[in-house]
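In case you want the letters, here they are:
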Amino acid sequence: MWNRSLGTWLALVVGLALTVIPAFAESHVRIVRLSEVQGTVAVDRGTGQGFEKASLNMPMVEGMKLAAKADGRAEVEFEDGSTVRIAPDTRIDFSHLSLEDSGAHVSILTLMQGMAYVDYTAKGKGDAFTFQFNDETVRPEQAVHFRVHLQEANAILAVFNGELKVDGPSGQVEVSKNKSVIFDLANQNKYTLAKNVDEMPFDAWDKQQTKYQQAYASRGSANNYPYTYGVSDLNYYGNYANVPGYGMMWQPYFAGAGWSPFADGSWMFYPGFGYTWVSPYPWGWMPYRYGSWAFVPGFGWGWQPGAFAGGWHPVVPVTNAPQRFKPPVPPTAGTATVTVGHPVLAGNVPSKLVVQNGTAGLGVPRGAVHNLDKISHQVQQNGSATVHTSTAARTSSMGSPGFGASGQNMNTGAGHMNTGAGHVSTGHTSTGAGHVSSGGHTSAPSHR
């Protein structure tokens, strides 16, 4: 059953329901991607365990809550490439995530506290995106990039690009590019327009992430994917090859002959769905939700894109696996997160990275290193390479003053499980066939 697309099973259930319930029914089976996690970030999945440690590439579904602590930041990526980024001491609720019969995506997000950056692409035909804070509501119809800072006494909305309308108790207000509006929360949300945007500590991080997404959204893609979330990371962290007998395949840089795509990761429980595999690799979204992994002698593991129409997989199929490979098997009971291997946690970007073969991108922050393809050839020949990171990436990864400690606690009680996929810990942080060095340098994944 776990080798079957979850979407196929859900389609049968929804199909039966539609024979009884007319066309006004709505499907809530929809996921978006937790695409960036830095520092301490927590999620509430509705399992009854409250806030728990968040992991990169977690599927975010309706009803989940996301919170960044005093040292944390996070980004959520939607199907059309739109993103929502949260700064420290911020909580945002995914109040509504659904897919209508027409294929349109309906999203309602509620900022409960702190600061959020929204980069809405408006690429999805018929999609409806709503962003709420206090008693104010934003429903952009065109592409717009804006920031909301919700404080105890006031809320400030600033527009970087585009324009939007804000509806609230004091009526509707229009805000255009490079302008702000301040809402007085203690005085019936009365607003004041400002002809400027005050710079905030995490604007540089938001800008750097936006530039990364734009730079790699179409570079190198060999497939016309129906979704764009995760595509930038595929283009940055790997490349495509037409493999005889297998067709077009994608492979991460620095994979190495002994690397396994399931050596590191986590099993996470979702009410109504059960356990799903969550990959720690910075590119680990589409290759673990759609298509399949195949092992090719002389080439190694590669991802075969496809199966987008059938819904997302809790764990994608594996074909032509080597003899000793043990496929990932989900826990059979409980709801606790179960860790496999030793996934690497994200941190500040160092000035140098030691990139080693077999790490497949673990430890290389987004956009921090230029020309990964060129570096992959160096690593292939020499086994490792020392590279300098970009100043922009280092600057945007550093914490900034002005955010106090958060009062929420977080449960991190995760289990541990070994899949037996050739994974051996050697005292370094293990990543399958290679390692990430923590002594003096932060070892980064090397391209193949």
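Just above, that's the structure.
Here's what I pulled together on the structure shown here. Along each chain, numbering runs from 1 in the same order as the chain's sequence is written. Predicted model: local features are reported for residues with pLDDT of at least 70 only, side-chain atom pairs are reported and counted for 80 or more only, and whole-chain, interface and lining totals are derived from all residues. Side-chain figures throughout are based on the complete set of non-hydrogen atoms in the structure, without hydrogens or water.

### Notes on the pairing of strand 2 (residues 41–44)
So, point 1. Classification of residues uses two cut-offs on accessible area relative to the type maximum, computed with a 1.4 Å probe and protein chains only: under 20% is buried, over 50% is exposed, and between them is partly exposed. Where helices and strands are cited, they refer to DSSP runs of H or I of at least four residues and of E of at least two residues respectively, numbered from the N terminus. Along strand 2, one buried face is formed by Val41 and Val43 and the opposite face, lined by Ala42 and Asp44, is buried too.
So, point 2. Two strands make a pair as long as DSSP finds a minimum of two bridges between them. Bridge count between strand 2 and strand 5 (residues 65–68): 4 bridges; the pairing is antiparallel. Among the inter-strand pairings, Val43 is bridged to a residue of strand 5, identified as Leu66.
So, point 3. Summarising the sheet, strand 2 and strand 3 (residues 52–53) pair through 2 bridges and their orientation is antiparallel. Its bridge partner being in strand 3, Ala42 is matched across the sheet by Lys53.

### Quick look at the nonpolar core
So, point 1. Counting 97 residues, the largest nonpolar core has Leu66, Phe131 and Leu157 as the members making the most contacts within it.
So, point 2. Broken down by element, this core gets its largest block of residues, 5 residues, from strand 9 (residues 105–120).
So, point 3. Judged by nonpolar contacts, the second largest core, of 6 residues, contains Ala87, Met115, Tyr117 and Phe202. In this description, a nonpolar core means a group of buried Ala, Val, Leu, Ile, Met, Phe, Trp, Tyr and Cys residues linked to one another through side-chain atoms lying within 4.5 Å.

### Some points on the packing of aromatic side chains
So, point 1. The pairing test for Phe, Tyr and Trp rings, Trp by its six-membered ring, is centres within 6.5 Å, and the orientation test on the planes gives stacked under 30 degrees, edge-to-face over 60, and tilted for anything in between. All told, the structure shown has 33 aromatic pairs when counted by the stated rule.
So, point 2. Both rings, one in Tyr120 and one in Phe129, keep their centres 5.1 Å apart while their planes meet at 25°; by these two values the pair is stacked. One exposure class covers both Tyr120 and Phe129, and it is buried.
So, point 3. When the centroid spacing of 5.5 Å and the interplanar angle of 65° are considered together, the rings of Phe295 and Trp301 count as edge-to-face.
So, point 4. Sitting over a ring, as applied to charges here, requires NZ of Lys or CZ of Arg to be within 6 Å of the ring centre and within 35 degrees of the ring normal. Looking at Lys69, its charged tip hangs above the ring of Phe51, at a distance of 5.7 Å from the centre.

### Things to note about unusual backbone geometry
So, point 1. The residue Ala122 is not glycine, and still its phi comes out positive at about 60°.
So, point 2. Classification of Ala122 by relative accessible area gives partly exposed; the value is 29%.
So, point 3. In this structure, Phe254 takes a positive phi of about 60° despite not being glycine.
So, point 4. As for its placement among the helices and strands, Phe254 is situated in the loop between strand 19 (247–252) and strand 20 (265–270).
So, point 5. On the basis of relative accessible area, Phe254 is assigned to the buried category, the value being 0%.

### A few points about the side chain of Thr359
So, point 1. Here Thr359 shows up in the loop between strand 26 (352–356) and helix 5 (372–382).
So, point 2. With relative accessibility at 0%, the residue Thr359 sits in the buried group.
So, point 3. Polar contacts, as used here, are pairs of N or O atoms within 3.5 Å; protein pairs need one atom able to donate a hydrogen and one able to accept it. Residues neighboring in sequence count only if both atoms are side-chain atoms. At a separation of 2.6 Å, a polar atom in the side chain of Thr359 contacts the main-chain carbonyl oxygen of Gln356.

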